[in-house]
Amino acid sequence: MTADARHPYETLTPDVVLDALASVGLYGDGRLLGLSSYENRVYQVHLEDPFEGAAIVVAKFYRPQRWSEAQILEEHAFAAELLEAEVPAVAPLAPAGATLHQHAGFFFSVSPRRGGRAPELDDGEVLEWIGRYLARLHIVGARKPFETRPALDVASFGEEPRDWLLGHDAIPLDVQGDWQRACELALAQIRTAFASAKDAGVRNLRLHGDCHPGNILWTPDAGPHFVDLDDARTGPAVQDLWMLVSGDRSQRQRQLGALVDGYEQMREFDRTELALIEPLRTLRLIHYSAWLARRWDDPAFPRAFPWFGSSDYWRGQVQMLEEQMEAMEEPAVVV
């Protein structure tokens, strides 16, 4: 394989990471640990000398050509707004006077390391606490719109991924027709749900965008803090709640109830948005398959997702889409 044929991240060696930090005046002591991340590459680095009190930092190298410089800077500005409002989110540091830097063809940022563990989502008090902080995040998010970052909508999360998968022959022919039919029917239901929400006056605002349990770190004394605003975008508030609930209907109702109880201590929650939970889940299902297919040239993906792409995988996707169509027909969870 020639150098030109390599994936860009194959050139991101430990020496390149340390050289990037040195280019902004941060010098690693040689201890470097790759952290779990597929979309970007993220490293924990011990510094020879602390920067603004941070002896250990997290260096994030953005996937080339995913976000523009303006879109990344808008993410950083949102994180800074959250910090200023005392919302517990991790924001980039500004070595050399800037939060975004370039080295060896990569945009990168450096943040302080924050510890913590996954939150206990079966604990009502934990969910209430998270709900309060999500409301505070949304109070900031509602102040003004994003100018360059995209919206979470049917076109970008459903129709475009569908078209990409079909246009790139990513689905085996023996299951392609079944998947396409199921996808079209599901998208029709999603469009109806989004149109109904719009008619009911559901408002969009700036969101975390990818608020699953892995992006919330919990500390017993300080509670939750949010990490990884890489997918921050515009959408309905419920997008930042639904990924924190799971289980059967009664479990989801109980978990949502605790989240909304906490949320409404700080900000009103529009219960009309609850009808968007299953449509949003279905959009994520379609988007996720396209995300895996688009990233397959990255060597990390075949290693991490060896089950992806087979006929059995896509038959499973057809079944899940059919199950989601049934779920979208059911009345929304009430809290």
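Please refer to the structure higher up on the page.
Residues numbered from 1 in each chain as written. Predicted model: local features only at pLDDT ≥ 70, side-chain atom pairs only at ≥ 80, totals over all residues. Heavy atoms only, no water.

**Student:** Just checking my understanding: could you explain the sheet that holds strand E4 (residues 101-103) for this structure?
**Tutor:** Across a sheet, paired strands are connected by hydrogen bonds in the backbone, their directions being either parallel or antiparallel. Here five strands make up an open sheet; going across it, the order is E1-E2-E3-E5-E4 and the pairing antiparallel. Of all the strands in the sheet, just strand E1 (28-34) and E4 have a single pairing partner and so form its edges. Averaged over all adjacent pairs, the angle separating strand axes in this sheet is 35°, with direction ignored. Looking at chain direction, E4 and strand E5 (residues 106-112) are connected through three bridges and run antiparallel. In the sheet register, Gln102 faces E5, and the bridge partner there is Phe107. (Pairing = 2+ DSSP bridges. Helix = DSSP H or I, 4+ residues; strand = E, 2+ residues; numbered from the N terminus. Axes fitted to C-alpha atoms, helices over the stretch in contact; angles between N-to-C directions.)

**Student:** It is not clear to me how empty space enclosed by the protein should be interpreted in this structure. Could you clarify?
**Tutor:** Vacant regions in the atomic arrangement are exposed by a probe of water-molecule size rolled over the atoms. What the rule picks out here adds up to one cavity of 30 Å³ or more. Put simply, the largest cavity is a space of about 30 Å³. In this structure, the largest cavity is lined by Leu152, Phe157, Gln239, Trp242, Leu280, Leu283 and Arg284. Sorting elements by how many residues they give to the lining of the largest cavity places helix H7 (residues 277-294) first, with three residues. Looking at the lining of the largest cavity residue by residue, the classes come out as five nonpolar, one polar and one charged. (1 Å grid on protein atoms, 1.4 Å probe; cavity = no way out; pocket = protein on both sides within 12 Å on 5 of 7 lines; lining within 4 Å. Points joined across faces, edges and corners; volume = space filled by probe spheres on them. Nonpolar A, V, L, I, M, F, W, Y, C, P; charged D, E, K, R; others polar.)

**Student:** Whenever I open this one, the pairing of strand E8 (residues 223-226) confuses me. Can you help?
**Tutor:** A regular strand places its side chains on the two faces of the sheet in alternate fashion. Taken together, the four bridges between strand E7 (residues 216-219) and E8 define a ladder with antiparallel strand orientation. The partner of Leu217 across the bridge, within E8, is His225. In this structure, the hairpin formed by E7 and E8 is closed by a connection of three residues.

**Student:** How should I be thinking about helix H4 (residues 154-167) in this particular structure?
**Tutor:** Think of an α-helix as 3.6 residues a turn; residues three or four steps apart then line up on the same face. Here H4 contains 14 residues, and its C-alpha end-to-end distance of 18 Å stays within 8% of the 20 Å for a straight helix at 1.5 Å per residue. Along its length, H4 shows its largest kink, about 25°, at Glu160, and proline Pro161 lies within four residues downstream of that point. Regarding H4, the residues found buried are Val154, Phe157, Gly158, Pro161, Arg162, Trp164, Leu165 and Leu166. On its buried face, H4 sits against helix H5 (173-199), H7 and helix H9 (311-329). Positive backbone phi, approximately 50°, marks Asp169, located one or two places after H4. (Expected span 1.5 Å × (residues − 1). Bend = angle between axes of the 7 residues up to and from the residue. Buried < 20%, exposed > 50% of the residue type's maximum accessible area, 1.4 Å probe, protein only. Contact = heavy atoms within 4.5 Å.)

**Student:** Honestly, the packing of H5 against H9 in this entry has me stumped. Any pointers?
**Tutor:** In a packed pair of helices, the relevant descriptors are the angle between the two axes and the axis-to-axis distance. Direction vectors running N to C along H5 and H9 enclose 25°, while the axes themselves pass 9 Å from each other. What the angle tells us is that H5 and H9 run roughly parallel. In this structure, H5 meets H9 at a crossing whose hand is left-handed. In contact with Asp174, Val175, Asp178, Trp179, Ala182, Cys183, Leu185, Ala186, Gln189 and Ile190 of H5, H9 contributes Ser311, Trp314, Arg315, Gln317, Val318, Leu321, Met325, Met328 and Glu329. Among the residues forming the contact of H5 with H9, the class breakdown is 12 nonpolar, three polar and four charged. (Parallel < 35°, antiparallel > 145°, perpendicular 65-115°, else oblique. Left-handed = near helix turned anticlockwise from the far one by under 90°.)

**Student:** How do you make sense of the packing of H4 against H7 when you look at a structure like this?
**Tutor:** Running from N to C, H4 and H7 point in directions that differ by 45°, and their axes come no closer than 9 Å. Looking at the two axes, H4 sits oblique to H7. When the axes of H4 and H7 are compared, the crossing they make is left-handed. Contact with H4, carried on its side by Val154, Ser156, Phe157, Gly158, Glu160, Pro161, Arg162, Trp164 and Leu165, involves Leu283, Ile286, His287, Ser289, Ala290, Ala293 and Arg294 of H7 and no other residues of that element. Here the contact of H4 with H7 is composed, by residue class, of nine nonpolar, four polar and three charged.

**Student:** Hey, could you run me through the nonpolar core in this one?
**Tutor:** Within soluble globular proteins, side chains that are nonpolar generally end up buried alongside one another. If you look at the biggest cluster of nonpolar residues, it comprises 76 residues, and the most contacted ones within it are Ile130 and Trp179. Mapped by element, the contributors of at least two residues to this core are helix H2 (69-84), helix H3 (124-141), H4, H5, E7, helix H6 (249-263), H7 and H9. For this core, the element with the most residues is H5, which contributes 10 residues. Once you skip the residues sitting within four places of it in the chain, Trp179 turns out to touch Arg162, Leu165, Leu166, Ile171, Ile286, Trp314, Gln317, Val318 and Leu321. Grouped together as the second largest cluster of nonpolar side chains are 20 residues, Leu12, Leu26, Val45 and Leu47 included. (Core = buried A, V, L, I, M, F, W, Y, C linked by side-chain atoms within 4.5 Å.)

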